[in-house]
Structures are given as C-alpha cells and as structure tokens.
Amino acid sequence: MGQSCYLSILTVCVLTIILNACSGGGDGGGASAQRADVGTAGSMSRFAIVDEYLYTIADESLQIFDISTPSKPIPWAQFWVGFNIETLFSYQSHLYIGANDGVYIYENSNPEFPEFVSLFRHFRGCDPVVVQGSYAYVTLRGNGRCPGSANQLEIIDISEPSQPTLVKSYPMQGPQGLGIDDNLLFVCDGVAGLKVFDATDPMQLQSLQSAVDLDCYDVIPLQENLVVSDELGILQYNYAALPIQLQSDIPVETP
Amino acid sequence: MRNSDILRIVLFITGIAVFSVGISYYLWERLVIPATIQYLGEWFPLGAVPDVAPAISSTTALNWLPTFVHVVSFSLLSISASRISNRRSYLVIGFWVGINILFELGQLFGLPGTFDAADICAAIVGGVCIAVLVRLLLVCNSGSKCVITHETRTAKQGRFNSGSVSVATVLIAGLGIVSISGSYTYCEDSEGNGCEVIYDAEPVYMSYEELRTSAIRVQPNEPLTKTGKIYLYQNYLLVNSPNEGVHVYDNSDKQNPTHLAFINIPGNIDIAVKQDYLYVDSYVDLVVLDISDMSNIREVHRVTDIFPYNPYQNVPVEIWIGPLDPSKGVVIGYKENF
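Residues numbered from 1 in each chain as written. Chains lettered and ligands numbered in written order. Predicted model: local features only at pLDDT ≥ 70, side-chain atom pairs only at ≥ 80, totals over all residues. Heavy atoms only, no water.

(A) Structural context of the overall build of chain B. Within chain B, the regular secondary structure consists of 7 helices and 14 strands. Relative to its 338 residues, chain B shows a buried fraction of 46%. Of the contacts formed within chain B by residues at least 6 apart in sequence, a portion of 58% connects residues at least 24 apart. Accessible area for chain B stands at about 16,200 Å²; split by element, carbon and sulfur atoms hold 61% of it. (Helix = DSSP H or I, 4+ residues; strand = E, 2+ residues; numbered from the N terminus. Buried < 20%, exposed > 50% of the residue type's maximum accessible area, 1.4 Å probe, protein only. Contact = heavy atoms within 4.5 Å. Areas by Shrake-Rupley, 256 points an atom, 1.4 Å probe, with all protein chains shown as cover.)

(B) How the structure looks around the pairing of strand S15 (residues 184–188) of chain A. Residues and elements named next belong to chain A. S15 sits mainly inside the fold: 5 of its 5 residues count as buried. Going residue by residue along S15, you find Leu184, Phe186 and Cys188 tucked away on one face and Leu185 and Val187 tucked away on the opposite face as well. Judged from the 4 bridges that link them, strand S14 (residues 178–181) and S15 form a sheet pairing that is antiparallel. Across the sheet, residue isoleucine 180 finds its bridge partner in S15, namely leucine 185. (Pairing = 2+ DSSP bridges.)

(C) Just the sheet that holds strand S10 (residues 277–282) of chain B, in detail. Residue and element names in this part refer to chain B. Taking strand neighbours across the sheet as the criterion, the 4 strands line up as S9-S10-S11-S12 in an open arrangement whose pairing is antiparallel. Where the open sheet ends on each side, the last strands, each with one partner, are strand S9 (271–274) and strand S12 (298–303). Sheet twist, expressed as the average angle between the axes of neighbouring strands with direction ignored, equals 25 degrees. In this structure, S10 lies alongside strand S11 (residues 285–290), joined through 6 bridges in antiparallel fashion. Residue pairing across strands places tyrosine 277 opposite aspartate 290, the latter belonging to S11. (Axes fitted to C-alpha atoms, helices over the stretch in contact; angles between N-to-C directions.)

(D) Here's a closer look at a nonpolar patch on the surface. The grouping of Ile9, Phe12, Ile13 and Ile16 of chain B at the surface amounts to a nonpolar patch, some 350 Å² of accessible area in total. By relative accessible area, isoleucine 13 of chain B is classed as exposed at 52%. (Patch = residues over 30% accessible without salt bridge, like charges linked within 9 Å, V, L, I, M, F, W, Y side chains within 5 Å. Salt bridge = Lys/Arg side-chain N within 4 Å of Asp/Glu carboxyl O.)

(E) Spatial organisation of the pattern of salt bridges. If you walk through the whole model with that rule in mind, you get 13 salt bridges over all chains. Between aspartate 281 of chain B and arginine 46 of chain A there is a salt bridge; the shortest N-O distance is 3.4 Å. One end of the pair, aspartate 281 of chain B, is in strand S10; the other, arginine 46 of chain A, is in the loop between strand S1 (40–41) and strand S2 (47–50), on a second chain. Exposure remark for arginine 46 of chain A: the relative accessible area of 21% places this residue in the partly exposed category. Residue arginine 302 of chain B pairs with aspartate 285 of chain B through a salt bridge whose shortest N-O separation is 2.8 Å. Of this pair, arginine 302 of chain B sits in strand S12 while aspartate 285 of chain B sits in strand S11, and the two are 17 residues apart along the sequence. Of the two residues examined, arginine 302 of chain B and aspartate 285 of chain B, each falls in the buried class. Via salt bridges that share partners, Arg212, Asp285, Glu299, Arg302 and Asp305 of chain B belong to a single interconnected network.

(F) Summary view of the environment of glycine 190 of chain A. Residues and elements named next belong to chain A. By the secondary structure assignment, glycine 190 is in the loop between S15 and strand S16 (194–198). Along the chain, glycine 190 and tyrosine 217 lie 27 residues apart, while their C-alpha atoms are 7.7 Å from each other. Each residue touching glycine 190, except ones within four places of it in the same chain, is listed here: Gly174, Pro175, Leu214 and Asp215.

(G) Spotlight on the interface of chain A and chain B. Facing the 55 residues of chain A at the interface are 53 residues of chain B. Where chain A abuts chain B, roughly 4,400 Å² becomes buried across the two surfaces, and 64% of that area is made up of carbon and sulfur atoms. Applying the counting criterion to the chain A and chain B interface returns 16 residue pairs in polar contact (both at pLDDT 80 or more). When the residues that make up the side of chain A that touches chain B are grouped by side-chain class, the tally is 29 nonpolar, 14 polar and 12 charged. Where S1 of chain A lies against strand S5 (residues 230–233) of chain B, 2 bridges are found, and the strand directions are antiparallel. Looking at S5 of chain B, one finds that alanine 41 of chain A is bridged to tyrosine 231 of chain B. (Buried area = accessible area lost by both parts, 1.4 Å probe. Polar contact = N/O pair within 3.5 Å; in protein donor to acceptor, adjacent residues only side chain to side chain. Nonpolar A, V, L, I, M, F, W, Y, C, P; charged D, E, K, R; others polar.)

(H) Representation of unusual backbone geometry within the structure. Residue proline 243 of chain A is reached from leucine 242 of chain A by a cis peptide bond, and omega for that bond is -5 degrees. Among the structural elements, proline 243 of chain A can be located in the loop between strand S20 (233–238) and strand S21 (245–251). For glutamine 275 of chain B, which is not glycine, the phi torsion reads 45 degrees and is therefore positive. With respect to the helices and strands, glutamine 275 of chain B occurs in the loop between S9 and S10. A relative accessible area of 34% places glutamine 275 of chain B in the partly exposed class.

So this is what it looks like as structure tokens:
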C-alpha cells in the first residue's frame, strides 16, 4: 500500500470526523460511531466487526473470527445462541442478536468471549434490531417466511442490559429494516412505505412526513445520507432537512 | 367382556392403524411434516427439514389417499367412542365426509392446496365403506333400531360412564379437525400465500471445486438485477445481489454513484469490510477479497465449510428437493421434473 493510499485514507478519516462534527449528531448512534477502517452495515446484517473480531451468525450459532490479520480470518469460536437467529447489531460494549423469539443481548467488552446477558422475549416474528443510547428499536414482521402475525415496532429500554423492558410498541404493516441517527428513525414498513419518525421521546414517536412510496428491505442512515435498499433499486436521500430529498436512484434492471 | 366392547376396541385399533397409514403417507410419500406438527416442532425442535433420501419416490397416483384415510380412520374412531348404533354411526360418518368435502371445496375459495375432484370421491367412498361395514355389523329389527349381532337390546344398554365417553368423543373430533386443518395449511410461499408443494424437483449442485476455484470473478458491466443487503465503506457503496454477488459503487458523489464492478460470488448474502478487506459468505465458505484496488479485486483467503450447509438458501421453501447428496456440492437451485 503506497503512501498516497495512506494519505487518502487519512483524508477520509479527517473528513469523516469533520462531517460528523458538522452534522451535530451528538452521540451519533451506532452508525456514525464507526471507525473509518470498518464500514457500516444495515440492520439486516448478519456480519459485524468489533475491533479484531468478525462476528457472523447462521441458523443457531454465533461464529467468531479473529481478524487481527485482516487478510487471514481465523475461526476462533462458535457459540450456540438460539433458534432462528437472523440479525446482528453491535453497539458500544454489547451485541444485539435478533431472533424469531426475541432479542438476545451479549456483553462484549471482552470481544473474544461475548457473554450472554439477557433475552428480551417478544411475539414470534422476524426482527432486525438497532440500538442508540438507552433504547433498542426492533421491528417485528409476521408474514411471508416469518412466523407469527405481529407487525409492530417495539422500543426497548436497554439502559440495564440484564433487564430489557418494553417501553412502547407501535403498530406497523409489515416492517423490515430500520435505522436511527440521532432523533431520526427510519423504518421500512413493507408496502406501507418508508416511514420517518422523530424518536426524541420513545413514548411518543412523531411521524415527520408521509411515508415514501417504496417497498424497501433495509436502510442505512449515515451522515445525513440515507441509503435505501428497495425492491426496485438503491435510493439515496438527504435527511438534513425534512421532507427527505431524493439524491439518486440506481434502478434494478430486469435481465 | 361383551361383544359390543370387543367390537369397539377392534374398531378403535383399526381406526388408529388407518390413521397411522395416513401419517406415514405424509412423512414418506409427500415428505412433508404437516403444519400442525411443524408448529409444535418450533417449540419442541425436532429438526425442520429432513435431508434424508425419500423411502418411496414421489408419485401423484395416491393424492386422494389422505382424504380417504381421514374419513375412514376418524369415522371408525368416533364410532368406537361410544355406544354403537346405526343412526349415530351414519351421523358420525356424514360429519367426517362433510368436513373433508368442506376443506376440499375451501381450496376453491382461498385455502392452500389444489382442488381435486378425486378427493371428493375419496371422501364419499370412504364414508360409504364404513356405512356398509356398520350395516353388516348390526342386525336391524323390523323398525329402524339396529343392534350388534348376537346381542340382545337390553345387553347393549350403556353401562359406560357418559363423562369419559364424551371426553373421548371430543378428543377424537379435535384430533380429526387438527389433522385435517394441518394437512391443508402445511405450505406457505415466500409471500405468505398458500401454495402447492412441488414434490417432483431435484437439486442443482455447484461442486466445491467450482465454488472454490472459478466461481469468484469480477464482471465490470453486470447490471444490478436484485437488491439485498447494503454496506457503506469509506466512499464506497456495496450492494448485495442475493445469492449472486456484490455490486460496488463509488459513492463520493451521492447524487451520482458510479458503478465500479460486480463481484460474482455464488451464495453471497452478507458483507463486511475492514481495512480494505471485504468479507463475504459464499454458501458454506467465508471469503476474503482485497478491494484496495477496485480495478483489481482478488480473492486472498478462504475459510471453507464454516457456515451451515443450507440446501434451501436459493430454493423456495415450497419446492421439495430431495434426495440430497451434500458430497456433490452446494445446492444453487432446483430443476423440476416433468
């Protein structure tokens, strides 16, 4: 890797820091708190990188790879978590694993040995989870391949990870991926579209604009840019001001 | 023990035996665990999809069998549950024939499955068979009252605890309804609609050698055809095309992301990047790609057989692919047999 490459990475880092500061995002949440040498995933991800470790989930287990040499991951350990685990989200010193029957919380301050802390049980359904501050935001989808019939957004107080408690749940149509940046919460709610909420008060989510007419799967809100994976393409919106503004659209081409 | 008791026990055992034939048919012929049992299995895991070779090859010749079996077995069980009389027996038989016809007709109005007139016939034939059997077992007097052969009317007066009889009747009726509703709801497609399981399909494999030597390649001009998970790394936007690979875009200008490459990765669903190393799953393998130079993306490492072998990763659940031979490679799709 040449010197110019390092320089460009450094530039990107500095730019990222400046942009972060400019966006005034405060804590900034899981998404923008990432280091620049590691990327940012959406809520549906089954991969997560924490320091020198790559975590992956499949079926029932959490697989840990040692990536202290990034080019050569070494399978380090495998933990049995629970049945039908689907999504993985790392936030500060905890791992949040979305499963059909609830959210599994692991204490991860020692990344080579995540320790089970608690299971927040909910209705059966598919459930990506994202976390910011003291709250975890979970969508439950109960149709298609997902078991159960509950369709809702749940906000869980995780300030005491060993005792996650439901703060409030909001009815949804068929929610999938979601993302939060500061006080803006974005939810892909199936055919009901992409919804934008003000999550300043989890007890009283405020809908900030009418749903964007999409059938999206996942979102990443990062530095005022919302990337949306929609059935018909990849869309990007600027959310510096509301309503969110479409920046670009990479349409799906039918072969 | 009186004749009527013996007869009831015989009818009960015959009913159970016939019901077992129906269950075996589902397990071995259709290779489908009925939904009610699957649902229990989610709470008491039994293993979801058996990946064993079928004992009997799939045929469509006996599609009417479950309906026939259901009417016959539950008529026998219900008749055996309490005092046997002709009127009660015909009522019970009529009930089960009716229930089966109702579910079959329901398929014309939204219930999962395909309506088949043969099932209606099977229900009626099953009912008639049991009605004839009952008629043969009973001797009718001049009136409409009939009794069990060689037994006087006084002897058949019930001595049974009526409570236990009704419990048995309710249990049998419950099992009957549950079993039939289970058999009609075992399949949901990816949209959650009822569907028909396609039994006569076979897996299409990609050999481990192909997966690991020639499958990963960069195709600069491949268009985006499916969208999946998304990932942001520095100024790059990575988009997974489920089971196909990763599209890489230069996203420096968010109003105009430019396509840099498509990395063909069979069985890819997830992405993560650290220090210019892209981690991807490729069916059972974890693959590391060096993306420091986007014009020269290359595989640098691979951890083989680290993820579970999932034959349904790229096959809809309503397709029954079997028998499976994991030694042939990963399952990348299916082929219907005609």
